[in-house]
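# What the coordinates show
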Amino acid sequence: MTGRAGADPSGGRGHEPDIGGSPNRVGGIGRVTGRQQYVADIPLDDALHVKLVTVDAPRARIGFIDKAAALRVPGVHLVMTPDDLPRPMPRFGPQFRDRPVLAVGETKFHGDPVAAVAAETLDAAEEGARQVHVAWEPLPAVTTLDGSLAAGAPLVQDPELRPDDPFAGTNVLREHRYGWGDIEAAAADVHVVVEGTYEFPMVTQFAIEPHAYVAAPDGGGIAVWSATQHPNWLQRVLATILGLPLARVRVLSPDPGGAFGGKQHAKYEPLLAFMALRAGRPVRLVLTLEETFQAVRRGAARVHVRSGFRDDGRLAFREIDADYLIGAYADIADRTVAKGSYTSAGPYAIPAVRIRARSVLSHTVPSTAFRGFGNPQQIWAVESNMDEASRVLGIYPVELRLRNLANRGETFIPGDTPADGIWTEAVERAARRIGWGSPAPAGHGRGIAVGLKSGPTTGLSHATVRLLADGSVVVYSGTSDMGQGARTIFAQIAAHELGAPLDWVTVVMGDTAVVPYDQQTSASRSSVIMGNAVLAACRDVQAKVRAMAASLEDVPAEAIVVEAGRVRLPGRELPIRDVLARGLGRLGGEVTGLGEGRKEADPEHPLGGTAAFYEFNCTAVEVSVDEATGDITVHRYVTVSDVGRALNAAQVRGQDEGAAIMGLGHTLMERLLLDADGRIRNLGAIDYKIPTTLDLPASIESEVVENGDGPGPYGAKGMSEGALLPVAPAIAAAVRDATGVVIRDLPLSPERVWRALRERDAEAVR
Amino acid sequence: MRAFAVAQPEDLSEAIGLLAGEPAARLLAGGTDLIIGLRDGSIEAPLVIDVKRIRELDASIANAGGGLVIGARTAMTEIAADPRIRARYTALAEGAAVVGSVQIRNRATLAGNVCNASPAADTTPALLVFGATVAVRGPAGERSLPIDEVFVRSGVTTIRPDEIVTRIELPPIAGRVGSTHVRRTRRRGHDLASVTIAAAVLESGETRIAYGSVGPRPLLRVDSTGALADPGASDAARLRVLDDMFADAAPSAGSMRASPEYRLAMLRVLGLRAVDAARGRREGSKA
Amino acid sequence: MTSSLSLTVNDRPRTVSIEPHHTLLEVLRADLGLTGTKECCLVGECGACTVLVDGRSVDSCLVLAVEANGSEVVTVEGLALAGALNSLQQAFLDHGAAQCGFCIPGQLMAARALLETSPRPSRAEVEDGLAGNLCRCAGYEQIIEAVLDAAERDAAPTAARSPDRGAAAEADPAATPDANLAPQ
């Protein structure tokens, strides 16, 4: 079933759990009444307020930290410095244990905390932070690719952290090489070679909820509240760093107010944990928006693409060289480089590919996961390269994609999952909807681009489902619902499988003391991997109900089928509820099911595992450009994602349109600007602009391709990153179509477009 | 924020007395600039004086001898919506309508916009074009400042630290008038302007243009030749006049929002568009 | 030096002792326990802190609490009447307007203010009215649709229910898509 998410409210207000419909979001009522509690809202009577102490430099040597004046501020309880932490300084990080709980001896980015103050009131904490006197001197810092890569550049990371690494004496954290085929041989067959270098700037997640954390002593252990996407991962980090058993570390993860990857990995939770244990009381840290911009961002990148095409437009080879500017601590940034590179040649059948990508350390905000996970940067380059090629070849951009896209079932990356969708369908639908083939209005240009990203490469999620005596259901799932609607999906699955109305299903998330293990919420994995776990748990319940029915009805279990809330006996069928009522009998009780979603690791694979599925999106746009000012007007915007099955149509639409607008942000207006020393100049919302309701395309249309060809429940694939991937190259292609200018750096701000137009005019005169 | 005291005087002389007694005190009207400054530490004040309960100050827009008197507490929402301002002082209504968002406009006052003296302020070019007067009262009594004597540079005006704006007066305009406000921003959503222009074309053919965000203060220039208002004049001819009017533009090199080159180019582009629009509106207007 | 603040919040008279330098946002959240209003940019750009003060939508992060002495303040907690969601809230639910939800209280308050001044707004007026409320999750479309729908519902509360969303049938997916994408 293909479908477009309907805009009309349903007649049945959210009671139908039907898969593919648009029942109201589970958890929606809390969101529209203001009752939902985010981390900053959690009431804690005796919590101390925490403020971080930083120094005003991208890199500094830290000397003596004088706490005396701060401790004299009324209300200040605790001034935490490295002296108050174990020695050597505990370090953590998902890829390298490089990040200290507090910077010791040296700060490595502007905003790297050297101390933290806990006080009775926020005012006292702020005053206390002002009164901590830190002796420091600036050190030379590298904050650009060229700076970090220059011979003799100061090293960001201590080489001793990776003693056997040939790159240890450089700021290259890792180099990744992928590829197949013989480029040189393929080059012989080539009619046209198109190459170019593209830049993708530093941008930041800017979730509307700034980061916030709470920690409290909890019996002999610790309880930490964090809007983390990975509660179990955080639990492990804390347990290790505190020397506590997992069972003594409780992570409570309220729904994040937006995350987009920035809330995946531990940042200040370890610091707060130590402070809570030292203070003997809960402590709460709420970052300002400015501090949040100093905590998380996307890797910036410089990408060189060189592609060879045969005269029929088929790709003969593609070579990519990408450098990503990551931050001072590795976080998960190198993984974004690896994953973003591995598929960056695109969803195409290409005989020869060579990719080299490097993650380059710098004295800047640690870059981390951000929707798209390293892919948008290279897709910007590769899809722009395709657009340039289409012009040189004289083959239209849509046709060029159709000729080269891998077919479903075709292996397009040797050793990895074959193409798992009819990707040409998404392209054709997008092209048709934008009216490709018919002339654009005068002065308008059209552009099209595709984006591919591999889903999770490994995965493990557990789920528990309890079918209660009256047929209502409780689902336990460790996924983080950060707006993508995971809670609703799992409720829909349980409702559908167990025959409960949707509002008879409760989903419990976000508490490691209660909810079973989930590896993480990332890579658009949760509908598939956790979805399958929930589905399996429901099937486990169904199996038990089947046994119950067999016993009650004195019919062999093989003759009974339990599915979609019904028990089908020979000759009749009953709702599950009826069987339960009789089957539980005098002792009452409930039926519990356990389920698992698993994707095994493959140690031989460069990424540790093959793709569970791919996200694929085609975006087509129509724009006009005010040639006097450089303003781009987006008249029409079409986005088509290949999703297997849209489990909740309204939520899928919300995610895809949200991804489109977020993509328009980095395409048209977002960029973190550094000063000459490397500090971010535009911290906060006055000078870091994201799209508002006045910045929307005149029309935006989102569609999904549903061929039931995903590995998730009912044929679903993961989604919600795909629609972000091709936004920039689609818009740039449309600008090129409208004006003739090719721009290879982002954002396409009015000024940048204006400059390109003036250069074009100057060229024309020459 | 660092702590400060707040006074909410109910009459003007009490307010003036408080100002005189504490030279570092700041006046609070809409708060949309002051509170940001207090929070980020760029403004330090031990005392904040809320002007909104001062009985001599009001939020009205009153007719006065063919012109208008705008109270010190009048917010942008009212200015943007007032039919008299929209009809005769259109550039001011348009400037007020783009000051931030609805939430900001419900609070930000015209007087506050003047006193804050940002070179990029959206209403000050229009006030220059219409020859507004700013009435202030201090310990020595009342003064009337012509608007083109008010702005010195960013954050600095000729209003003394112990004076309070009581009203802003718009003089009557003889005959038909057409005016507009245009600006450059980084997105269509609200933003601080990197070029801001108000233009008015009068019955006499005089064209008055004020431009901001391209130097430390907004500047007023007048073309009395009638060249800009002449529908028969070529774009090239009009650009020559505009270039002359814009000769004192001095955009700062260090701005994040736009480069000097772009700003100067946009001055010309927007200047021509503003003049065209203003002239067109004059044709459509009543005397 | 504290002062006493007396105001009406969501129709309830409240008196609380506050610091003069605290904003209305801080007092609502920390002193009055109304955490529905959110804190984000603190510079009047994002609208997450939008409340109504004496009928006007304002960014409460830029209002000192003392300024609201004697005022009537409405926050998101005051929208529902006797536990029943108001038409805006219900429309937001029905249209899937809330994703992570963090911007939603501010959006609702801005929408409420808009509908009070323009009960039948055009789409452009809704975009303008919500332009001071940033959302990072949504493409804004479902929020805008919800506000337009709420305006309709308020205008015609007994109008017939719209057709069931889930039932709309689309074109047969098995049909071969148009192959003629060659340009003219």
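Residues numbered from 1 in each chain as written. Chains lettered and ligands numbered in written order. Predicted model: local features only at pLDDT ≥ 70, side-chain atom pairs only at ≥ 80, totals over all residues. Heavy atoms only, no water.

## Observations concerning the interface of chain C and chain A
Formally: Contacts: residue pairs with any heavy atoms within 4.5 Å of one another. Throughout, the accessible surface (probe 1.4 Å) given up by two parts as they are put together, summed over both, is called the buried area. Only one rule defines a salt bridge in this text: a Lys or Arg side-chain nitrogen within 4 Å of an Asp or Glu carboxyl oxygen. Polar contact is defined as a pair of N or O atoms within 3.5 Å, subject to the rule that within protein one atom must be able to donate a hydrogen and the other to accept it, and that residues adjacent in sequence are counted only when both atoms are side-chain atoms. We count a stretch as a helix when DSSP gives it H or I for four or more residues in a row; a strand needs E for two or more, and each element gets its number in order from the N terminus. All residues other than Ala, Val, Leu, Ile, Met, Phe, Trp, Tyr, Cys, Pro, Asp, Glu, Lys and Arg, Gly among them, are scored as polar; the first ten of these are nonpolar and the last four charged.
Residue-level contacts link 63 residues of chain C with 73 residues of chain A. Taken together, both faces of the contact between chain C and chain A bury some 5800 Å²; the carbon and sulfur share is 57%. Where chain C meets chain A, there are five salt bridges. The shortest N-O distance in the salt bridge between Asp-41 of chain A and Lys-38 of chain C comes to 2.6 Å. Put simply, chain C and chain A have 24 residue pairs in polar contact (both at pLDDT 80 or more) between them. At the level of secondary structure, the elements contributing two or more residues to the side of chain C that touches chain A comprise helix H2 (87-94), helix H3 (104-117), helix H4 (123-129) and helix H5 (141-155) of chain C. For the side of chain C that touches chain A, the element with the highest residue contribution is H5 of chain C, accounting for six residues. Its residues assigned to classes, the side of chain C that touches chain A shows 30 nonpolar, 13 polar and 20 charged.

## Side note on the environment of Arg-281 of chain A
All names here are of chain A. Following the sequence through the fold, Arg-281 ends up in the loop between helix H7 (269-279) and strand E14 (283-286). Along the primary structure Arg-281 and Ala-215 are separated by 66 residues, whereas in three dimensions their C-alpha atoms are 8.4 Å apart. Residues within four places of Arg-281 in sequence aside, it is in contact with Asp-46, Ala-47, Leu-48, His-77, Glu-120, Ala-215, Pro-217 and Ala-276. Within the structure, the side chain of Arg-281 is placed 2.8 Å from the side chain of Glu-120, a separation counted as a polar contact.

## So, the sheet that holds strand E6 (residues 133-138) of chain B
Residues and elements named next belong to chain B. Under the convention used in this document: In this analysis, strands are considered paired if DSSP registers two or more bridges between them. The angle between two axes is taken between their N-to-C directions and runs from 0 to 180 degrees, where each axis is a line fitted to C-alpha atoms and a helix contributes only its stretch in contact.
Taken in spatial order, the five strands make up an open sheet running E4-E5-E10-E6-E7, and their pairing is antiparallel. What marks the edges here is a single partner per strand, and that holds for strand E4 (61-64) and strand E7 (141-146). This sheet shows a mean twist of 25° between the axes of neighbouring strands, independent of strand direction. Relative to strand E5 (residues 67-71), E4 runs antiparallel, the two being bridged by four bridges. Note on E5: the bridge partner recorded for Asn-63 is Leu-68. Together, E6 and strand E10 (164-170) form the strand contacts of helix H1 (residues 12-21), whose direction differs from that of E10 by roughly 120°.

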